[in-house]
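Topology and contacts: notes
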Amino acid sequence: MEDLRERTLKDLFSALDGITGPVLECKYYPCHFAGQDCSFCYCPFYPCLNYDMGGELKVTSDGSYVWSCMNCDLIHDREFSENVIFALSRYPRQRLVEEDWVFYSKILQELLYGEELAETLDSSYNLMRAILIDKHCEEFDNTEFLAVKVEEFKIVTVRKIRSIEEAENEIIIPIKERNKFYGFLNDSYVICERI
Ligand code: SF4
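Residues numbered from 1 in each chain as written. Predicted model: local features only at pLDDT ≥ 70, side-chain atom pairs only at ≥ 80, totals over all residues. Heavy atoms only, no water.

Moving on to the site of the ligand. As a matter of local geometry, the ligand sits amid Cys43, Tyr46, Cys48, Met53, Gly55, Trp67, Cys69 and Cys72. Split by residue class, the shell around the ligand holds seven nonpolar, one polar and no charged. (Near = heavy atom within 4 Å. Nonpolar A, V, L, I, M, F, W, Y, C, P; charged D, E, K, R; others polar.)

Right under this line is the structure:
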């Protein structure tokens, strides 16, 4: 049986062959909003771990974590889909199959912010700056944040840490509670809110 990443890549290659527009005959249409672009049924950046567009971590009934895109409309925005197709069509398809999560995260950051904002550290990838860049942040005494392990585009573990150095082959992101983000930025613990 095809796994999610295989389906996502098939979907990506079909999108690279041409933008689709709304697919009115799809039984799930509109899964996000009327008039949505359906070039991507599966987001090539999944699981992006970037709360900015509405996605978030959810705990399943068996205690594992998944990234929920229910509240993210981004990949169904026609202009954004066109930009994704343009950005990814620069690469040979074999490379798109072989590349890892960080490669796709960098491309998403370039599309969203014009550059890669995350930092590659010795044994981790710190996505904090990308997520908090446009938030209003204040220093905070002390807080935990998250280290997420992703293998084969699947979330394997999520754990709370208190220092960047604790992360090992993990992606570092803030903890999100309602509209507040708890993290570590510019050598300080911070609490941030959307502006
Ligand atoms: S939250 Fe949006 S951009 Fe991120 S993986 Fe989900 S659909 Fe893609």
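Don't stop here, the text continues.
This part is about the sheet that holds strand E9 (residues 175-177). The strand order across the open sheet formed by four strands is E5-E11-E10-E9, and the pairing between neighbours is antiparallel. Edge positions in the open sheet fall to strand E5 (135-139) and E9, since each of these has one partner strand only. Adjacent strand axes in the sheet meet at a mean angle of 30°, parallel and antiparallel pairs treated alike. With six bridges joining them, strand E10 (residues 180-185) and strand E11 (residues 188-194) adopt antiparallel strand pairing. Along E11, the bridge assignment pairs Phe184 with Tyr189. (Pairing = 2+ DSSP bridges. Helix = DSSP H or I, 4+ residues; strand = E, 2+ residues; numbered from the N terminus. Axes fitted to C-alpha atoms, helices over the stretch in contact; angles between N-to-C directions.)

The domains assigned to the protein are domain 1 (1-116) and domain 2 (118-195). Using only C-alpha atoms to locate each centre, domain 1 and domain 2 end up separated by 22 Å. With 24 residues of domain 1 at the contact, the number on the domain 2 side is 23 residues. Overall, the association of domain 1 and domain 2 removes approximately 1,900 Å² of surface from exposure, summing both partners, and the carbon and sulfur fraction of that is 65%. Its largest share of buried area at the contact with domain 2, domain 1 owes to Leu49, Tyr51 and Trp101, together 34% of the area lost on that side. The interface formed by domain 1 and domain 2 includes four salt bridges. Note that Glu56 is salt-bridged to Lys176, the shortest N-O span being 4.0 Å. (Domains from an automatic or database assignment. Contact = heavy atoms within 4.5 Å. Buried area = accessible area lost by both parts, 1.4 Å probe. Salt bridge = Lys/Arg side-chain N within 4 Å of Asp/Glu carboxyl O.)

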